[in-house]
Amino acid sequence: MAVDAGSIPELDQKKYDADEQVKIICLGDSAVGKSKLMERFLMDEYRPQQLSTYALTLYKHAATVGNKTIAVDFWDTAGQERFQNMHPSYYHKAHACIMVFDVQRKLTYKNLVNWYKELREYRPEIPCCVVANKIDADMKVTQRSFNFGKKQGLPFYFVSAADGTNVVKMFRDMIKRAVEYKQNPSDFMDEVMQELENFDLEKKDNSEAEEDGLKAESPELV
Ligand SMILES: Nc1nc2c(ncn2[C@@H]2O[C@H](COP(=O)(O)OP(=O)(O)OP(=O)(O)O)[C@@H](O)[C@H]2O)c(=O)[nH]1
Ligand SMILES: [Mg+2]
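Because the structure is a prediction, the values reported are computed rather than measured.

We now examine helix α5 (residues 112–122). Looking at α5, one finds that the buried residues are Leu112, Trp115, Tyr116, Glu118, Leu119 and Arg120. In this structure, the buried side of α5 is in contact with β1 (20–27), α3 (88–91), β5 (96–102), α4 (106–110) and β6 (128–133).

Attention now moves to the packing of helix α2 (residues 34–42) against helix α6 (residues 167–183). At their nearest, the axes of α2 and α6 sit 9 Å apart, and the two run at 90° to each other. The pairing of α2 with α6 is recorded here as roughly perpendicular in orientation. Side by side, α2 and α6 meet where Leu37, Met38, Arg40 and Phe41 of the first sit next to Val167, Val168, Phe171 and Ile175 of the second. Of the residues contributing to the contact of α2 with α6, the split by class is 7 nonpolar, no polar and 1 charged.

Counting residues in each nonpolar core, the largest one holds 56 residues, and the members touching the most others are Leu27, Phe74, Ile98, Met99, Leu119, Val131 and Phe171. Considering every element that reaches this core, the biggest residue donor is α6, with 8 residues. Among residues more than four places away in sequence, those in contact with Phe171 are Leu37, Met38, Phe41, Phe74 and Ile98.

One can find Cys129 in strand β6. Look at Cys129 and you get buried, because its relative accessible area is 0%. Put simply, Cys129 and Phe156 are 27 residues apart on the chain and 6.0 Å apart in space, counted from C-alpha to C-alpha. Setting aside residues up to four positions removed in sequence, Cys129 forms contacts with Cys97, Ile98, Met99, Leu154, Pro155, Tyr157, Met170, Met174 and Arg177.

Right, let's get into α2. Residues of α2 that are buried: Lys34, Leu37, Met38, Phe41 and Leu42. Viewed end-on, α2 has its buried residues packed into an arc of 120°, placing them on one side of the element. Taken together, the buried residues of α2 touch β1, β3 (56–65), β4 (68–77), β5, β6 and α6.

Time to look at the pattern of salt bridges. Tallied over the entire structure, the rule returns 8 salt bridges. A salt bridge links Lys182 to Glu20; the nearest nitrogen and oxygen atoms lie 3.2 Å apart. Of this pair, Lys182 sits in helix α6 while Glu20 sits in strand β1, placing them 162 residues apart in sequence. Residue Lys182 is classed as buried on the basis of its relative accessible area, which comes to 7%.

Counting buried residues in β5 gives 7 out of 7 residues, a clear majority hidden from the surface. Judged by which residues are buried, β5 turns out to be covered on both faces: Ala96, Ile98, Val100 and Asp102 on one side and Cys97, Met99 and Phe101 on the other are all buried. Where β5 lies against β6, 6 bridges are found, and the strand directions are parallel. Counted as the bridge partner of Phe101 is Ala132 from β6.

Quick look at the side chain of Gln194 now. Inspection of the secondary structure puts Gln194 in helix α7 (residues 188–217). Setting aside chain neighbours within four positions, we find Gln194 in contact with Lys182 and Pro185.

Cut-offs and rules
Residues numbered from 1 in each chain as written. Chains lettered and ligands numbered in written order. Predicted model: local features only at pLDDT ≥ 70, side-chain atom pairs only at ≥ 80, totals over all residues. Heavy atoms only, no water. Buried < 20%, exposed > 50% of the residue type's maximum accessible area, 1.4 Å probe, protein only. Helix = DSSP H or I, 4+ residues; strand = E, 2+ residues; numbered from the N terminus. Contact = heavy atoms within 4.5 Å. Axes fitted to C-alpha atoms, helices over the stretch in contact; angles between N-to-C directions. Parallel < 35°, antiparallel > 145°, perpendicular 65-115°, else oblique. Nonpolar A, V, L, I, M, F, W, Y, C, P; charged D, E, K, R; others polar. Core = buried A, V, L, I, M, F, W, Y, C linked by side-chain atoms within 4.5 Å. Arc of directions from axis to C-beta. Salt bridge = Lys/Arg side-chain N within 4 Å of Asp/Glu carboxyl O. Pairing = 2+ DSSP bridges.

Dropping the structure here:
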């Protein structure tokens, strides 16, 4: 993937130092406001990187959860959703999903069921939420109830990317849930992945310790 890492030195450093890394994806029909929501949340600190091969924008964000630094990769597509399904790699190793609809377009709400079905085919267990966007255009909609997702126990948020209502809260909640999921996955394959990651980290720690020891014992090598 053609990522110009040189253009985001500070974020890369934070990412390198991060205690944990999570991937969060966004689903929903075209023009519901997925990109605007991410831009609103990341406003001052983000720099999108265009991965033109996959028509994908990857937003990198450093968050703090508890006392840990979390490197968050937000994935946003440009165009694929118009064909009503996503490339499987979009779902690959995602730790949380934000499903968005536009309160002014009923069809975008109706289509959530399709998005949810596809999500669960690839990622049966990851945390997910339902987001009703553009409430600034008609505040009355917040008195209506949107039941999709209730049965599955999905949290629901009324938001506006335009005026910022609830945007930070929704994203922070989802980052937290993504981290919780990554640390305690309920999907078998994810459990295996987490074990492997821990194993790699242990190996890295050991080899670093060995290297340090070698330096201490063999000053002539330094
Ligand atoms: N009034 C209002 N308009 C919004 C809001 N969020 C997005 N829009 C408008 O909706 C349009 C689509 O927003 P995008 O963020 O590009 O939508 P998207 O879901 O990323 O669309 P695709 O990239 O085509 O999938 C733009 O014209 C935005 O200005 C909102 O909260 N309120
Ligand atoms: Mg977009």
